[in-house]
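The chain contents come next:
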Amino acid sequence: QDRRRTPRRPVRSDRVTDWAEQAACRGMNLSDFFPKPGQPLTAAKEACNRCPVRQPCLDEANATELNQRGVVFGFRGGLSPDGRINYRRNLGRVAS
């Protein structure tokens, strides 16, 4: 059996929310969102681009990362780890 085609849910904390049930990535393989170095993010980007709950996912990723003292990993909420760091940095500038 090809493990890449094994349906799995994206990583979530224990507080799975209603929005997660509507996510375009629901049932996709985790490796699409947490790739090894050099592995393409094509499937993750396509899912995020059509996702109706991209913003709540990004909010959850940011909240989780902040609670874990800035540990950043995976493609979540339509952004790479560096993209989320820049997103939070820009939010701080807007709020100032």
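Topic: the packing of aromatic side chains
Logical step 1: Evaluation of the coordinates by the stated rule reveals one aromatic pair.
Logical step 2: On the basis of an interplanar angle of 40° and a centroid distance of 5.8 Å, the ring pair of phenylalanine 34 and phenylalanine 73 is categorised as tilted. With phenylalanine 34 in the segment before helix H1 (42–49) and phenylalanine 73 in the loop between helix H2 (54–67) and helix H3 (81–95), the pair connects residues that are 39 residues apart, well separated along the chain.
Logical step 3: Judged by relative accessible area, which is 33%, phenylalanine 73 ranks as partly exposed.

A short note on the pattern of salt bridges
Logical step 1: According to the stated counting rule, one finds three salt bridges in the structure shown.
Logical step 2: A salt bridge links arginine 26 to glutamate 21; the nearest nitrogen and oxygen atoms lie 3.0 Å apart.
Logical step 3: When its relative accessible area of 45% is taken as the criterion, arginine 26 is described as partly exposed.
Logical step 4: Between arginine 88 and glutamate 65 there is a salt bridge whose closest N-O contact spans 2.8 Å. Residue arginine 88 is located in helix H3, and its partner glutamate 65 is located in helix H2; the two are separated by 23 residues in the primary sequence. Across the pair, glutamate 65 and arginine 88 agree in class, each one buried.
Logical step 5: Linked by salt bridges that have partners in common, Glu65, Arg84 and Arg88 make up one network.

What counts and how
- Residues numbered from 1 in each chain as written.
- Predicted model: local features only at pLDDT ≥ 70, side-chain atom pairs only at ≥ 80, totals over all residues.
- Heavy atoms only, no water.
- Phe/Tyr/Trp six-rings, centres within 6.5 Å; stacked < 30°, edge-to-face > 60°.
- Helix = DSSP H or I, 4+ residues; strand = E, 2+ residues; numbered from the N terminus.
- Buried < 20%, exposed > 50% of the residue type's maximum accessible area, 1.4 Å probe, protein only.
- Salt bridge = Lys/Arg side-chain N within 4 Å of Asp/Glu carboxyl O.

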